[in-house]
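Okay, here's what each chain looks like letter by letter:
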Amino acid sequence: MKVAFVTPRYGPEVMGGAETAARQLAEHLVADVGFEVEALTTCALDHITWDDVLEPGDSTLHGVTVRRFASTSGRRPEFYALDGRLRVAPAEATMAQARQWVEWNGPVSPDLIDAVAASDADVVAFYPYLYHPTVHGIGRPKGASVLHPAAHDEPALYLPVFRATYGAADAICYHTVAERRLVQRVHPVAAHRQIVLGLGVDAVPGGNRPGAEILGLAGRPYIVSVGRVDEHKGSVMLAEYFRTYKRRRPGPLALALVGPVAARIPDDPDIVVPGVVDEADKADIVHDALVSVSPSALESFSLVVLEAWVQSVPVVVNATCPPTREHCERSGGGLWFGDYRQFEAVLDRLLADEALRRRLGENGQRYVEEHYRWPALIRRYAEFLTGVAGSRRP
Amino acid sequence: MTHTDSEPDQRAFLAQVMAEITDEAKRRRSHDLPAGTERDLDELFLRYSPLSGRGGSVTAALRVVDSNAMVDPVVPVASQHAGGVAVKKGLRSLSLWYMSWITDQVNRFSSGVSRALHLLADQVDDLGRRVDAQRIVAGPVVRDPRAHRSDAWWVDEAVGELTAIPGRVLHAACGNGWLVQRLGAGGIDAYGVDPNSSADGAAEESGTDLRQEPLADHLGAVGADELAGVVLTGVVDGASLGERARLLELVTDRLAPGGTLVVHSLSPDGFDAPDAPVEVDLAPGRPMRPGAWEAFLPLAGYHAVQTRVGPDGRDYLVVARRPGIREVGDGSGRAE
């Protein structure tokens, strides 16, 4: 069985959620079930510019053959004005405007598209739906095309050009039921073969250092939010909510925003922003946190929520983010907030009730063990791909 | 991998905790946080909420309108440059009469719009409550353990009708996937939907394509002519007339030309029997007699309608086909 992954970026240097997910699935298919796997990708690392920074050609990474192709254009400066115009009413965009949006969003790599069309893989998996390689490559290989949308409720999902992208898939692999519900609300793909898979998590051994020490908090209790510190990810909102909370509830509690920093967080003695930390430190920081907060409304899966549960840490998520809320509702491992009042009430309750924190954390840990451990998850995925192979849609 | 049997318990526990928290948040809403601060915090939350999130709550959307309804003519004068504050103050003083004249009109207009939206929202709320009190309850899935099993009298015949048809076959309501697995074993590309929450868990355990979705929602997300076959069990038995008609419209549109419809239903006698499934007591409608299907399906565009009553008369099977393109080689190549 041979599987090819098509993704605009690929490699351990890439921090994006969808690309990381593609790489993890590819590597586990090789290591756990012995599939032959290749990744067809560009030479880019930056998802804003799509500049070619890696050499084109073939290499091997953890058993996966990586085939890189140069791009003829990345994201064009004109993209932003067009995006601004179309996002007001994306479903009303013309097909020509939507196609232009895809071209200008990039990365455009005709050689990559040719390689996708010529692929001899039994199944070609496209990850995510949003970019040029998927839009122009899906449905073209001889083998079955499986789409991993990694979709969330963003304006682009409604652009008419993506109806054909979803329609050309022979099968769809969703992260969550919420993602399936969203995609089916926008595109008529309910009769496609599908699986709700998600992603696997590994236990990351910590370094047994106190989290507060790593953060320079000198023994203070803290809550943590892991992931890109970005306005779009809700980090600025969380920081402002926490500052308001602390004005109303003075005390030693602190907030740690851990991850690459892409937004300015106002200086505050109760908020620490250590930037990127190594995996062992991150595990220690999460382990000692009272609560892990995922403030983002735009997630299609959220590994950080599951990683908190691996360590039995309860989570608090954005109520308007269906996938993370689905995790909480299915597992009983976390609570959610939809405005400041609710945020304050949730935090008050969790901080005052250690038994509740423990119960939520244990529920979350059980949920991860049952649904998102790699060996079982990759076997389900392999069975799904085997079933899809050779069964192109008419 | 095992499905969590305790998931319903966890959901109930979580629902209780969140209800308590929501009550507490509502109780606090009446005091102590300045209204302007709360509006700013709400707006910050909504700025990066998903489209459906923003569109989902009229109250939240109105809060954003309210927070932006007032245009302030007194511009801020802070500056990082020496003398900047004085210059800005001067400009502000010179232009304030003009800006006030403009903003006063804008503010009157925007507060009028905001008030109209609030009135509209109140009326929509009131209408929703009135409609809700008179709504027709959706028919429950009638789960008949005697008939919904792979060794029931009608199953071989249904599978035979669906064998070798090109394309996907949908089974609703699929339960734990017993018929989907049976169809799959016969080489039929089948999947199932069921409004019951156990369907997704059963899919994870069995590796079959089962989804927890209301049937009408599911069919609404299927493209026209996409299905080769549809099997309905326990779905139409207790449906209301309107619900049954809507379902039939959707199924007919989604079935490909030449596609097969299979319906298994309790008979009216079986529906009224003392040992009928308990769901019949909650049903807004009653099953049709087999003859009614024979009369009405042709009017909906089906042909070759066959019905067969089960051995004890408590249930029956309906099989019908949508007209399709004639088989290659029959000499016509035209639609029937």
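Note that the structure is a prediction, hence the values are computed from the model and not measured. (Residues numbered from 1 in each chain as written. Chains lettered and ligands numbered in written order. Predicted model: local features only at pLDDT ≥ 70, side-chain atom pairs only at ≥ 80, totals over all residues.)

Student: Describe the overall build of chain B, naming the residues involved and giving the relevant values.
Tutor: A tally of helices and strands in chain B yields twelve helices and seven strands. Counting the 336 residues in chain B, one finds 32% classified as buried. Partitioning the intrachain contacts of chain B with sequence separation of at least 6 by distance along the chain shows that 63% fall at a separation of at least 24. (Helix = DSSP H or I, 4+ residues; strand = E, 2+ residues; numbered from the N terminus. Buried ≥ 20, exposed ≤ 12 C-beta atoms within 10 Å, placed from the backbone. Contact = placed C-beta atoms within 7 Å.)

Student: Any details on the nonpolar core? Residues and values, ideally.
Tutor: Residues and elements named next belong to chain A. By size, the foremost hydrophobic cluster in this structure holds 191 residues, and its most contacted members are Val-3, Val-146, Tyr-222 and Ala-256. With seven residues, helix α11 (residues 303-310) is the single largest residue contributor to this core. Setting aside its immediate chain neighbours within four residues, Tyr-222 contacts Ala-212, Leu-215, Leu-217, Leu-253, Ala-254, Leu-255, Ala-256, Ala-289 and Leu-290. (Core = buried A, V, L, I, M, F, W, Y, C linked by C-beta atoms within 7 Å.)

Student: Summarise the environment of Trp-101 of chain B; cite the residues concerned and give the values.
Tutor: Residue and element names in this part refer to chain B. Relative to the helices and strands, Trp-101 is located in helix α5 (residues 84-133). We classify Trp-101 as exposed; it has 10 C-beta atoms within 10 Å. It is 8.9 Å that separates the C-alpha atoms of Trp-101 and Pro-73, two residues lying 28 residues apart in sequence.

Student: Describe in detail the interface of chain A and chain B, supporting the description with residues and values.
Tutor: Listed as interface residues are 40 residues of chain A and, on the opposing side, 39 residues of chain B. Secondary-structure elements contributing two or more residues to the side of chain A that touches chain B are α7 (177-186), β8 (193-196), α9 (235-248), α12 (322-331), α13 (340-352), α14 (354-371) and α15 (374-388) of chain A. Considering each element in turn, the side of chain A that touches chain B owes the most residues, six residues, to α13 of chain A. Considered class by class, the residues forming the side of chain A that touches chain B number 17 nonpolar, eleven polar and twelve charged. (Nonpolar A, V, L, I, M, F, W, Y, C, P; charged D, E, K, R; others polar.)

Student: Just give me the short version of the packing of α11 of chain A against α14 of chain A, but keep the residues and values in it.
Tutor: Residues and elements named next belong to chain A. Across the interface, α11 lies against α14 with an axial gap of 7 Å and an inter-helix angle of 110°. Relative to α14, α11 is oriented roughly perpendicular. Read as a crossing pair, α11 and α14 show a hand that is left-handed. Every residue of α14 that contacts α11 at Leu-306, Trp-309 and Val-310 is listed here: Gly-361, Gly-364, Gln-365, Tyr-367 and Val-368. (Axes fitted to C-alpha atoms, helices over the stretch in contact; angles between N-to-C directions. Parallel < 35°, antiparallel > 145°, perpendicular 65-115°, else oblique. Left-handed = near helix turned anticlockwise from the far one by under 90°.)

Student: Give me the lowdown on the domain arrangement of chain A, citing residues and values where you can.
Tutor: Residues and elements named next belong to chain A. Per the domain assignment, the segments of chain A are domain 1 (2-200 + 373-388) and domain 2 (211-371). The C-alpha-based centres of domain 1 and domain 2 are spaced at 29 Å. Taken together, the contact between domain 1 and domain 2 spans 14 residues of the former and eleven residues of the latter. For the side of domain 1 that touches domain 2, the residue count by class is seven nonpolar, four polar and three charged. (Domains from an automatic or database assignment.)

Student: I'd like a rundown of unusual backbone geometry, residues and numbers included.
Tutor: Residues and elements named next belong to chain A. In this model, Gly-106 is joined to Pro-107 through a cis peptide bond whose omega is -10°. The residue after Tyr-127, namely Pro-128, is reached through a cis peptide bond having omega -5°. Positioned with a positive phi, Asn-208 is a non-glycine residue whose angle comes to about 60°. Under the C-beta neighbour-count criterion, Asn-208 is labelled exposed, with 9 such atoms within 10 Å. In this structure, Ser-312 takes a positive phi of about 60° despite not being glycine. Note on placement: Ser-312 falls in the loop between α11 and β13 (315-318).

Student: Break down the sheet that holds strand β4 (residues 227-233) of chain B for me, citing the residues and quoting the values.
Tutor: All names here are of chain B. Taken in spatial order, the seven strands of this open sheet run β3-β2-β1-β4-β5-β7-β6, and their pairing is mixed. Strands at the two margins of the open sheet, each flanked by one partner only, are β3 (210-212) and β6 (303-309). Looking at each pair of strands side by side, their axes are set apart by 15° on average, direction ignored. Sheet topology places β6 next to strand β7 (residues 315-321); five bridges connect them, and they run antiparallel. Bridge assignment links Arg-308 to a residue of β7, and that residue is Leu-317. (Pairing = 2+ DSSP bridges.)

Student: Give a detailed account of the domain arrangement of chain B, specifying residues and quantitative values.
Tutor: Domain boundaries in chain B define domain 1 (18-133) and domain 2 (155-321). Once you take the C-alpha centre of each, domain 1 of chain B and domain 2 of chain B turn out to be 50 Å apart.

Student: Describe in detail α14 of chain A, supporting the description with residues and values.
Tutor: An α-helical segment advances 3.6 residues per turn. Residues three or four places apart therefore align on the same side. All names here are of chain A. An ideal rise of 1.5 Å per residue puts 26 Å on 18 residues; α14 measures up with 26 Å between its terminal C-alpha atoms. Every buried residue of α14 is accounted for by Leu-360, Gly-361, Asn-363, Gly-364, Tyr-367, Val-368 and His-371. All buried residues of α14 project into a common sector of 160° when viewed along the axis, lining one side. Exposed side chains of α14 directed beyond 90 degrees from the buried face belong to Glu-354, Ala-355 and Arg-358. (Expected span 1.5 Å × (residues − 1). Arc of directions from axis to C-beta.)

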